[in-house]
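Working through the structure, step by step
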Amino acid sequence: MDAEHYASSIRNGKVANYLKTGKALGYKFDYASIVKAPALLKEIAKDKAKKEGERCPVCLVSISEFDNDSIEALPCGHVICKDDLATLEASDNPSLRVCPICRGPLH
Ligand SMILES: [Zn+2]
Ligand SMILES: [Zn+2]
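This report concerns the structure included in the present document.

Calculation criteria
Residues numbered from 1 in each chain as written. Chains lettered and ligands numbered in written order. Predicted model: local features only at pLDDT ≥ 70, side-chain atom pairs only at ≥ 80, totals over all residues. Helix = DSSP H or I, 4+ residues; strand = E, 2+ residues; numbered from the N terminus. Buried ≥ 20, exposed ≤ 12 C-beta atoms within 10 Å, placed from the backbone. Contact = placed C-beta atoms within 7 Å.

1. Some thoughts on the overall build of the protein
- From N to C terminus, the protein includes five helices and two strands.
- Scanning the protein from its N terminus toward the C terminus, one meets helices and strands in the order α-α-α-α-β-β-α.
- Each of the 107 residues in the protein was classed as buried or not, and the buried ones make up 21%.
- In the protein, 38% of the contacts between residues at least 6 apart in sequence involve partners at least 24 apart.

What follows is the structure, given as structure tokens:
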């Protein structure tokens, strides 16, 4: 069983997809790396967003213009700048405290 199949058996297809993306970006995976998958997957999502020229869905600044500490990958894999994430988190309106793209949870 390779790392992708292992991930899909313990988590879900989304994780396996990220691992596939990560491999394409040159990440090397072993079973130990999957244990810390959530943090690793966020780094992969950030790299993917940069590589694909994505923009923050709120301020529309190119993700590649931020350093990795200034952006956050949401559980859905969409990437947003931390300033805008903080604004969404602080919103009084629960319907705004979601991913601006897919309306998935922020955490
Ligand atoms: Zn932004
Ligand atoms: Zn999303």
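That shown, we press on.
2. Digging into the environment of V58
- Inspection of the secondary structure puts V58 in the loop between α4 (37–51) and β1 (71–73).
- Between the C-alpha atoms of V58 and T87, which are 29 residues apart in sequence, the distance is 10.0 Å.
- Apart from the residues lying within four places of it in its own chain, the contact partners of V58 are I80, D84 and P100.

3. Digging into the environment of L41
- Structurally, L41 is set in helix α4.
- For the pair L41 and L19, spaced 22 residues apart in sequence, the C-alpha separation works out to 7.4 Å.

4. Quick notes on unusual backbone geometry
- In this structure, L60 takes a positive phi of about 65° despite not being glycine.
- If you trace the backbone, L60 turns up in the loop between α4 and β1.
- According to the C-beta neighbour criterion, L60 is exposed, with 8 such atoms within 10 Å.
- Of note in this structure, R103 is not a glycine but carries a positive phi near 65°.
- Note that R103 resides in the segment after α5 (82–89).

5. As for the environment of P100
- As for its position among the elements, P100 is in the segment after α5.
- Taking C-alpha positions, P100 is 8.9 Å from H78, a pair spaced 22 residues apart along the chain.
- If sequence neighbours within four positions are ignored, P100 has contacts with P57 and V58.

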